[in-house]
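# Examination of the molecular architecture
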Amino acid sequence: MHLRTRLKHLAISGAALAVVTATLPGAAAADSGDRGHRPSDRGLSAVIRYTEYGIPHIVARDYANLGFGTGWAQAADQVCVLADGFVTVNGERSRHFGPGAAPDGSLSSATTNLSSDLYFRGVKDAGTVEELLETPAPAGPSGDLKELMRGWAAGYNAWLRKNRVTDPACAGADWVRPVSALDVARRGFAVSVLGGQGRAVDGINAARPPAAASALLAADRGPDRISDTEADPEPRPAPEPEPDPERAAEAARALFAAENATMGSNAVAFSGATTADGRGLLLGNPHYPWQGGRRFWQSQQTIPGELNVSGASLLGTTVVNIGFNDKVAWSHTVATGVPLNLHQLTLAPGDPTSYLVDGRPERMTARTVTVPVKDGAPVTRTQWWTRYGPVVGGLGAQLPLPWTTTTAYALNDPNAANLRGSDTALGFGRARSTQDIADTLRRTQGLPWVNTVAADSAGHSYFSQSQVLPRITDELAQRCSTPLGRATYPASGVAVLDGSRSDCALGSDPDAVQPGVFGPARMPVLRDTPYVENSNDSAWLTHAERPLTGYERIFGTIGTQRSLRTRGGVEDVAAMAARGRLTVADLQRQQFANRAPAGDLAAADAAAACPVALPDDPEACRVIGAWDRTVDAESRGALFFDRFWRKFTGTVPPTEQWKVPFSAADPVRTPHTVNTAAPGFAKALRDAAAELRAAGIPLDAPLGSHQFVVRNGERIPVSGGTESLGIWNKTEPVWNAAGGGYVEVAHGTSHVQAVGWDGSRCPVARTLLSYSQSSNPASPHYSDQTRLYAGERWVTSRFCEKDILRSPALRVVVVRG
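Here we summarise the structure given alongside this text. Small disclaimer: the values here were computed from a predicted structure and weren't measured. Every residue gets a number counted from 1 within its own chain, in the order that chain's sequence is written. Predicted model: local features are reported for residues with pLDDT of at least 70 only, side-chain atom pairs are reported and counted for 80 or more only, and whole-chain, interface and lining totals are derived from all residues. In computing side-chain values, all of the structure's heavy atoms are included and hydrogens and water are not.

With that settled, the discussion passes to the sheet that holds strand β12 (residues 365-373). Within the open sheet, the three strands sit side by side as β12-β13-β14. Their pairing is antiparallel. Edge positions in the sheet fall to β12 and β14 (389-390), since each has one partner strand and no second. Inspection of the sheet shows β12 paired to strand β13 (residues 376-386) by eight bridges, in the antiparallel sense. When the sheet's bridge partners are listed, Val-373 is paired in β13 with Gly-376. Throughout, a residue-residue contact means that at least one pair of heavy atoms, one from each residue, lies within 4.5 Å. Every angle, taken between N-to-C directions, lies between 0 and 180 degrees, and every axis is a line fitted to C-alpha atoms, over only the stretch in contact when it is a helix. Starting at the N terminus, helices and strands are each numbered in turn, a helix being any DSSP run of H or I of at least four residues and a strand any DSSP run of E of at least two. Of the strands in this sheet, β12 and β13 are in contact with helix α4 (residues 113-126), which crosses β12 at around 125°. In short, DSSP must find at least two bridges between two strands for them to pair.

Moving on: the nonpolar core. The set of buried Ala, Val, Leu, Ile, Met, Phe, Trp, Tyr and Cys residues whose side-chain atoms join them within 4.5 Å is what this entry labels a nonpolar core. When accessible area is computed with a 1.4 Å probe and restricted to protein chains, residues below 20% of their type maximum are described as buried, those above 50% as exposed, and intermediate ones as partly exposed. Counting 168 residues, the largest nonpolar core has Val-79, Tyr-156, Phe-189, Phe-270 and Ile-472 as the members making the most contacts within it. It is helix α2 (residues 63-89) that contributes the most residues to this core, 15 residues altogether. Setting aside anything within four residues of it in sequence, one finds Tyr-156 in contact with Gly-71, Trp-72, Ala-75, Val-79, Leu-82, Ala-83, Phe-86, Arg-177 and Val-179. Core analysis: the second largest hydrophobic core is formed by 42 residues, Ala-609, Cys-610, Ala-689 and Ala-701 among them.

What follows concerns helix α7 (residues 181-192). Expected span, for any helix, means 1.5 Å times one less than how many residues it has. Taking 1.5 Å of rise per residue, twelve residues should cover 16 Å, and α7 covers 17 Å from first to last C-alpha, within 8% of that figure. The element α7 is extensively covered by neighbouring structure, given that eleven of its twelve residues are classed as buried.

Here the focus is unusual backbone geometry. Between Ala-137 and Pro-138 the backbone carries a cis peptide bond, its omega angle lying at 10°. Mapped onto the elements of the fold, Pro-138 is located in the loop between α5 (128-134) and α6 (143-162). Phi angles above zero are rare outside glycine, and Tyr-53 is one such case at about 65°. For Asn-536, which is not glycine, the phi dihedral falls at a positive 80°.

Salt bridges are defined by distance alone: a side-chain nitrogen of Lys or Arg within 4 Å of a carboxyl oxygen of Asp or Glu. Under the definition given, this model contains 42 salt bridges. Salt-bridge contacts for Glu-619 lead to Arg-693; the nearest nitrogen and oxygen are separated by 2.8 Å. Pair noted here: Glu-619 is in helix α19 (residues 618-626) and Arg-693 is in helix α21 (residues 679-694), with a separation of 74 residues, a long-range link. Residue Arg-693 is classed as partly exposed on the basis of its relative accessible area, which comes to 38%. One salt bridge in this structure joins Glu-732 and Lys-730, with 3.9 Å as the shortest N-O distance. Overall, the relative accessible area of 1% leaves Lys-730 in the buried class. Shared partners join several salt bridges into a network, and the residues in it are Glu-92, Arg-95, Arg-121 and Arg-177.

One open sheet accounts for ten strands, arranged β19-β17-β16-β8-β7-β6-β5-β2-β1-β30; its pairing is mixed. The open sheet has two edge strands with one neighbour each: β19 (525-527) and β30 (811-816). On average, each strand axis in the sheet is tilted by 20° relative to the strand beside it, whichever way the strands run. Relative to β30, strand β1 (residues 45-51) is paired through six bridges, and the arrangement is antiparallel. Paired with Ala-46 across the bridge in β30 is Val-815.

This paragraph deals with the state of the cysteines. Only a pair of cysteine sulfur atoms within 2.5 Å counts as a disulfide in this structure description. For the structure on display, the rule yields four disulfides. Across the disulfide, Cys-80 is cross-linked to Cys-170 (sulfur-sulfur distance 1.9 Å). Across the disulfide from Cys-80 to Cys-170, rotation about the S-S bond amounts to roughly -80°, and the bridge is consequently left-handed. Of the two residues, Cys-80 is situated in helix α2 and Cys-170 in the loop between α6 and α7; the sequence distance between them amounts to 90 residues. Note on Cys-170: relative accessible area 2%, which makes it buried. The disulfide that involves Cys-610 links it to Cys-621, with 2.1 Å between the sulfurs. Handedness of the Cys-610-Cys-621 disulfide follows from its S-S torsion of about -80°: it is left-handed.

The values reported here are purely geometric and, on their own, carry no functional implication.
Printed below as a string of structure tokens:
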């Protein structure tokens, strides 16, 4: 039976359908301030077929209706998390939750609700997202994407209208309300600027001109002008000295270091030269937060004859971000490209809110932002904007950028002009080959902070670091860096350019869809090697024997030390490629091999040196020597080594940790041989043993007994390990000795997909969503895949119609406006 005929049959067959019926609304419909943009759901509908683990297969006749079904299905699983995000992008967290509380951190780096609101209210007041929506494609979003956003909002609203919220996180809350297509676009904007303006939210709000100069300026401008003092009554701190270049360089390096990030990933694509059947293979293993608005959510989206794609979406997005179809599969890894730069401003004498460009003063634009506050008066602040972007008072607490009477710093974020990321994902979903993936990247240029790794059924492998990055060439940085920039750019890729010279403008590439960014021809790309792999280091060792070079420093480093996760990953996938005859089952084994590269490098030496370091503790020495060098849930000694290794690497300088230093000529195997003579070695061993014993944890306890999550009272063991151990199956858990060890996962393995093809119309795909589909403890899909993850078991993807309709868990729902 043809798919269209089957859908018609499903739509009219009462016996086959579980038709959604209206119930009492679960939340108040508060005014979002965008009533004119709120889409009507009249005439919109979709068919949703649920299979095992609550995975929806959404079928619709066009993009608006597909968006409707997607918005409905996401709301059913994640309404509270989604609603919380919409409060964020509308700048209303202080109104509902109080100004001093911390936001969940999924949509910006703001440390308080007030800081978050000031930024997002500023974006809203300026009409930034509206302007981007009106920009014609390809620089702006496509018509198909706008229809998806319109439908998504209508579907979300329809679910709210027809269902009662049962999740205790927001049941009955007045902040759960209908949204507009503009709200959906604002959420997409927040995701786009996460690495730029979103990283500097506190700094944007903290930037204020020197007090004395501002008072004089206000007097000069007369009583008819709103002064910064009136608009921004918060006291200004005493002026700070200019930042020290050496300290700033280290702070910038740490700010963008993969080991300090809350997101990462591994991905590998194998070409047909390595596989059993000559077709490609892809293993994607993104490492994302387990709670909050940066979770993934699984679905299949189908418009017959137009689109058929399965995979995972970041919550609130309308498309499949990481996924596969019958011909191609792709994943993303967080890239090393720095999606921002700074311009150091030379201020006009006597006027700290004007800056000089080629000797001529330019006045900053003052944006006065007012935020409603729960149980208090509204708070008003002023943000200051320049031709380059907002003035910032710092990038994080460790990198202050003081605004003095002579100098200020402005942030350039090219992704503040980019709403194209979902168009990139949409193009991937329609792709038929890795060449189509490349063509989509060239056409849309929408990815702000990730690499792309892909494989196809014809046996091609593909890697691209196609990011929207400021067009900072090494030549420009050499010619235009300030003294601060000459320190930060080599160390971290953060350029600080002289903002007083127009000849230091970023310029444009002829193939770029927006000014001031690199065009596709400048991106690091590698095609059709036996494997392409990335674990959040730069593109250099995408294939260890064919290193990528020739790209600008802002993309990442060349010839520098790799992380243990990269080294371990390259060792593993190179060995797999050399062995050949690979299948999807080999990808599954790699995901849960749980080998600890740090253990392979250091455990034997640590055990040999232990009797000297801990002469009175033979048990500790025995345990570390007997450890099997894995982080399986059953591994004994893994927890002890983990706690020791964290303390060792956290206190001993990197240059003193190894006897054999890094060599660019042997980057996968160096550095090696742990320096057991380092002063911190014995102390780290002793402190780790004492820590576990004080917590009542045996040194040889199985890892899963003390690394677990609790879901509805059930303790679920978790395998995997931390960044410092170099684990592919990364787990960054939360330590609570009194609670029994690692009692929750902050971030790590999330949506995993192992994909290949066998010549049929159906891809061979195994997936796993480590934290499950729903955040609602009342949902049957709150922890079902978490238990699968604990048991290292997989979901067999149901992509083709015959497989969907054969699901023993099949539940068909028709959703209508």
